[in-house]
Amino acid sequence: MIIENHQIAYRNVASKYYNFVPEEIDLAFQDFDQILSSHGYNTADVMFFSIISDPTASVMTAEIFRPIEENEISQISSEEDVNFRSYFSINGMLMTRITDQFDEQSQVKFWELAEHIQQHNFSQSSPYFVEYKRSHSGATYVEMSVRVR
């Protein structure tokens, strides 16, 4: 199922660009978490990323986002290339949810969103975003979304 008019909104968001082969995305997540924690920043239990490159490329470019408890990131040197936004918000998105078999279903859901965009004569106006979330019962799920016009 595809939901229209979805929104992503977070306060105090740190982000960093990474290039990696898709199988090594966890290494990028770990690296970013290590950079933030080694400088004393406390991350929220939320992580999301945007796919900047062609999702079928052998090397992906993504921007990884982590909301933090602090209101700024003054302790990280510019060589780390970490960005900060006091507020991050995108609305007018299409969204679909993945509840299991994340690796296999990511490709399926990506193409479902792309097909929905084409069938409804929308135009894509953002990269694809992938949010890792946790339900009230503690189950992990993923929301994949893209802004359209």
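Please refer to the structure higher up on the page.
Residues numbered from 1 in each chain as written. Predicted model: local features only at pLDDT ≥ 70, side-chain atom pairs only at ≥ 80, totals over all residues. Heavy atoms only, no water.

Participant: Sorry, what's going on with unusual backbone geometry here?
Facilitator: Note: most residues except glycine have negative phi, and most peptide bonds are trans. At Q101, a position not held by glycine, the phi torsion is positive, near 45°. Assignment of secondary structure puts Q101 in the loop between β4 (83-98) and α2 (102-119). Phi is positive for N121, which is not a glycine, with a value near 55°. Following the sequence through the fold, N121 ends up in the loop between α2 and β5 (128-134). The exposed category is assigned to N121, whose relative accessible area is 69%. (Helix = DSSP H or I, 4+ residues; strand = E, 2+ residues; numbered from the N terminus. Buried < 20%, exposed > 50% of the residue type's maximum accessible area, 1.4 Å probe, protein only.)

Participant: Can you help me understand α2 in this one?
Facilitator: One turn of the α-helix equals 3.6 residues, which is why residues spaced by three or four share an orientation. When the terminal C-alpha atoms of α2 are compared, their 25 Å separation across 18 residues agrees well with the 26 Å that a helix rising 1.5 Å per residue should span. Listed as buried for α2 are K109, F110, L113, H116 and I117. Buried residues of α2 fall within an arc of 130° about the axis and therefore sit on the same side. Turned more than 90 degrees away from the buried face of α2, the exposed residues are Q118 and Q119. Buried-residue contacts for α2 involve β1 (3-20), β4, β5 and β6 (140-147). Taken from the residues just after α2, N121 is the one with a positive phi, measuring 55°. (Expected span 1.5 Å × (residues − 1). Arc of directions from axis to C-beta. Contact = heavy atoms within 4.5 Å.)

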